[in-house]
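Residues per chain are reported as follows:
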Amino acid sequence: KPVAIHLSLEDCITIMGGRSIYEVEYRASFEKKSGKCTAIDAKLYCEAGANYNDSAFNGMLTAMHMESNMGIPNLRFECFAVRTATPAVTWLRAPGMLQAASVIALIVDEGVSGVLPDYLESYKSSLMPKGFMNLMGSVESTDRNISIIDDICNKADVGSLEKEIEVFNSANKWKKKALAVTGMKYPMDPAFHVNSCLVNICRQDATVQIHVGASDMGQEKF
């Protein structure tokens, strides 16, 4: 007979929550002197679970966001949804988009880590520069991909952190620390993300409360 199971929200999250699992196979090339990534050829396999659920659209979002903030002149990737004997997970924020940004950041990081003495400069050489045309045919109009990383590193005083890590690692045989810088580019299309704005002015003290849904449904800013 047909059976219906009603689980608690906590059990549902345990069984079906979280992000889709991705496995990646790739080949990449880098310039020896600068560490700049010149080419990536990757295959992304998304675990879709027992049914495809949202994985098809997930793969499309992965493809749209694969470049992230990297300016790779030769980039090719394929996305595959793989059916497995596991529950299909539900969507989390930025489905497929965060995985895509993580994948390309990981590839670049593995290519420059431990090869050149200045990790940060090697990483920045692969960032999308002004004038770079991405796979969607859009031209980068600013140098923000690089300038924002510079600003963050200056505010965090990365140079001092690197010295602290070096001292710590020399004093500890088994326990080690490391430092990495990772950015991502997340495009927002005003034609797609069309949402309203609610402004409340409280009568008692004239406090202004603003609810903005401009970035995504469900997000509120005050």
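First, a word on what this report is: a plain description of the structure on this page. Numbering of residues starts from 1 in every chain and runs along the sequence as written. Reporting of local features is limited, given that this is a predicted model, to residues whose pLDDT is at least 70; pairs of side-chain atoms are given and counted only at 80 or more, and all residues count toward the totals for whole chains, interfaces and linings. Hydrogens and water molecules were not included; the side-chain quantities draw on all heavy atoms of the structure.

Let's talk about the overall build of the protein
- Secondary structure elements follow DSSP: runs of H or I of four or more residues count as helices, runs of E of two or more count as strands, with numbering from the N terminus. In terms of helices and strands, the protein carries six helices and five strands.
- Along the protein, helices and strands appear, N-terminal first, in the series α-β-β-α-β-α-α-α-α-β-β.
- For the protein, buried positions account for 29% of its 222 residues.
- For this analysis, residues touch if any pair of their heavy atoms sits within 4.5 Å. When contacts within the protein are restricted to residue pairs at least 6 apart in sequence, long-range pairs at least 24 apart make up 63% of them.
- Accessible areas in this description were obtained via Shrake-Rupley with a 1.4 Å probe; residue shielding takes into account the shown protein chains only. Summed over its atoms, the accessible surface of the protein is roughly 14800 Å², and 58% of this surface lies on carbon and sulfur atoms. Think of it in three bands: residues with accessible area under 20% of the maximum for their type are buried, residues over 50% are exposed, and the middle band is partly exposed, with areas taken using a 1.4 Å probe on protein chains only.

Comments concerning the pattern of salt bridges
- In what follows, salt bridge is the name for a side-chain nitrogen of Lys or Arg lying within 4 Å of a carboxyl oxygen of Asp or Glu. Inspection of every chain in the model, using the stated rule, returns five salt bridges.
- The salt bridge involving Glu121 is made with Lys124; its shortest N-O contact spans 3.3 Å. Within this pair, Glu121 and its partner Lys124 are both found in helix α4 (residues 119-124), separated by three residues, close to a single helical turn.
- Using a relative accessible area of 42% as the deciding quantity, one classes Glu121 as partly exposed.

Remarks on the sheet that holds strand β1 (residues 22-30)
- Pairing within the open sheet is mixed, and its three strands lie in the order β1-β2-β3. Strands at the two margins of the open sheet, each flanked by one partner only, are β1 and β3 (74-83). Neighbour to neighbour, the strand axes of the sheet diverge by 5° on average, direction disregarded.
- When β1 meets strand β2 (residues 37-49), the two strands line up antiparallel, connected through nine bridges. Across the sheet, residue Tyr26 finds its bridge partner in β2, namely Ala42.
- Fitted lines through C-alpha atoms serve as axes, helices being fitted only where they are in contact, and the angles separating the N-to-C directions of these axes extend from 0 to 180 degrees. Its contacts with the sheet place helix α3 (residues 97-112) against β1 and β2, and it is angled at close to 40° to β1. When DSSP finds two or more bridges between a pair of strands, those strands are recorded as paired.

Side note on a nonpolar patch on the surface
- Grouping into patches uses exposed residues only, defined as over 30% relative accessible area, and leaves out salt-bridged ones; the cut-off is 9 Å for like charges and 5 Å for nonpolar side chains (Val, Leu, Ile, Met, Phe, Trp, Tyr). Residues Phe57, Met60, Met64, Trp91 and Met136 make up a contiguous nonpolar surface patch of roughly 500 Å² in combined accessible area.
- Following the sequence through the fold, Met64 ends up in helix α2 (residues 55-65).

So, unusual backbone geometry
- One non-glycine residue, Ser68, lies in positive phi territory at about 50°.
- Summarising the element assignment, Ser68 is placed in the loop between α2 and β3.
- A relative accessible area of 5% means that Ser68 is categorised as buried.

Points about helix α1 (residues 9-16)
- Taking burial as the measure, the eight residues of α1 include zero buried ones, a minor fraction of the element.
- Directly after α1, the chain includes Gly18, whose backbone phi takes a positive value near 95°.

Considerations on the nonpolar core
- Joining through side-chain atoms within 4.5 Å is the link that ties buried Ala, Val, Leu, Ile, Met, Phe, Trp, Tyr and Cys residues into a set, and such a set is a nonpolar core. Ile40, Leu44, Met70, Ile72, Tyr123 and Ile149 are the most contacted members of the largest nonpolar core, which has 23 residues in total.
- Those elements giving two or more residues to this core turn out to be β2, β3, α3, α4 and α5 (144-156).
- Aside from chain neighbours lying at most four places away, what touches Tyr123 is Asn69, Met70, Val108, Ile149, Val181, Thr182 and Gly183.

With respect to α3
- The terminal C-alpha atoms of α3 lie 23 Å apart, and with 16 residues this matches the ideal 22 Å at 1.5 Å per residue to within 8%.
- Among the residues of α3, Met97, Gln99, Ala100, Ala101, Val103, Ile104, Ala105, Ile107, Val108 and Val112 are the ones counted as buried.
- Gly114, located one to two residues past α3, shows a positive phi value of around 75°. Residue count minus one, scaled by 1.5 Å, sets the expected span of a helix.

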